[in-house]
Amino acid sequence: MRSRENGTTTQSTVRKALETVLFRTDDRTVIEECRRCGTTLESVSTCPACGSSDIVEYRIQ
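Residues numbered from 1 in each chain as written. Predicted model: local features only at pLDDT ≥ 70, side-chain atom pairs only at ≥ 80, totals over all residues. Heavy atoms only, no water.

Examining the overall build of the chain
Here is step 1 of the chain: Each helix and strand in the chain was counted, giving 1 helix and 3 strands.
Here is step 2 of the chain: Scanning the chain from its N terminus toward the C terminus, one meets helices and strands in the order α-β-β-β.
Here is step 3 of the chain: For the chain, buried positions account for 15% of its 61 residues.
Here is step 4 of the chain: When the accessible area of the chain is evaluated, it comes to approximately 5100 Å², of which 47% is carbon and sulfur surface. (Helix = DSSP H or I, 4+ residues; strand = E, 2+ residues; numbered from the N terminus. Buried < 20%, exposed > 50% of the residue type's maximum accessible area, 1.4 Å probe, protein only. Areas by Shrake-Rupley, 256 points an atom, 1.4 Å probe, with all protein chains shown as cover.)

What follows is the structure, given as structure tokens:
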């Protein structure tokens, strides 16, 4: 079961991703996410949450 702190962090990350998509000013948004744990990332090559380097980019137009 997730701790309250981790749940808050996850909610903040999801909220930030949604705000990026919904309130964007250009025609393209890129969201980077760790394939192992699902953490939303910002321009890193290794996930700080689990240490995985398997990162995927979603390009939303």
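Picking up where we left off.
Brief notes about the sheet that holds strand β3 (residues 55-60)
Here is step 1 of the chain: Strands sit in the order β2-β1-β3 across an open sheet of 3 strands; the sheet is antiparallel. Whereas interior strands pair on both sides, the edge strands pair on one side only; in this sheet they are β2 (40-41) and β3.
Here is step 2 of the chain: Sheet topology note: the strand β1 (residues 29-34)/β3 ladder contains 6 bridges and is antiparallel. What sits directly across from Glu33, in β3, is Val56. (Pairing = 2+ DSSP bridges.)

Structural notes on the pairing of β1
Looking down a regular strand, the side chains alternate between one sheet face and the other.
Here is step 1 of the chain: Two strands pair when backbone bridges link them, and β1 and β2 are joined in this way by 2 bridges, in the antiparallel orientation. Residue Glu33 lies in a different strand from β2, and its bridge partner there is Thr40.
Here is step 2 of the chain: Connecting β1 to the next strand, β2, in antiparallel fashion are 5 residues, including Gly38 with a positive phi near 85°.

Brief notes about the environment of Pro48
Here is step 1 of the chain: Tracing the backbone shows Pro48 in the loop between β2 and β3.
Here is step 2 of the chain: On the basis of relative accessibility, which here comes to 70%, the residue Pro48 falls in the exposed class.

Comments concerning the side chain of Ser52
Here is step 1 of the chain: In this structure, Ser52 sits in the loop between β2 and β3.
Here is step 2 of the chain: A distance of 3.1 Å separates the side chain of Ser52 from the backbone nitrogen of Asp54, its partner in a polar contact.
Here is step 3 of the chain: With residues near it in sequence (within four places) discarded, Ser52 still touches Cys34, Arg36, Ser45, Thr46 and Cys47. (Polar contact = N/O pair within 3.5 Å; in protein donor to acceptor, adjacent residues only side chain to side chain. Contact = heavy atoms within 4.5 Å.)

A short note on the confidence of the model for the chain
Here is step 1 of the chain: The predicted model of the chain has a mean per-residue pLDDT of 80, with 75% of residues at 70 or higher.
Here is step 2 of the chain: Mean pLDDT across the elements of the chain ranges from a minimum in helix α1 (residues 4-22), with 69, to a maximum in β2, with 91. (pLDDT = per-residue confidence, 0-100.)

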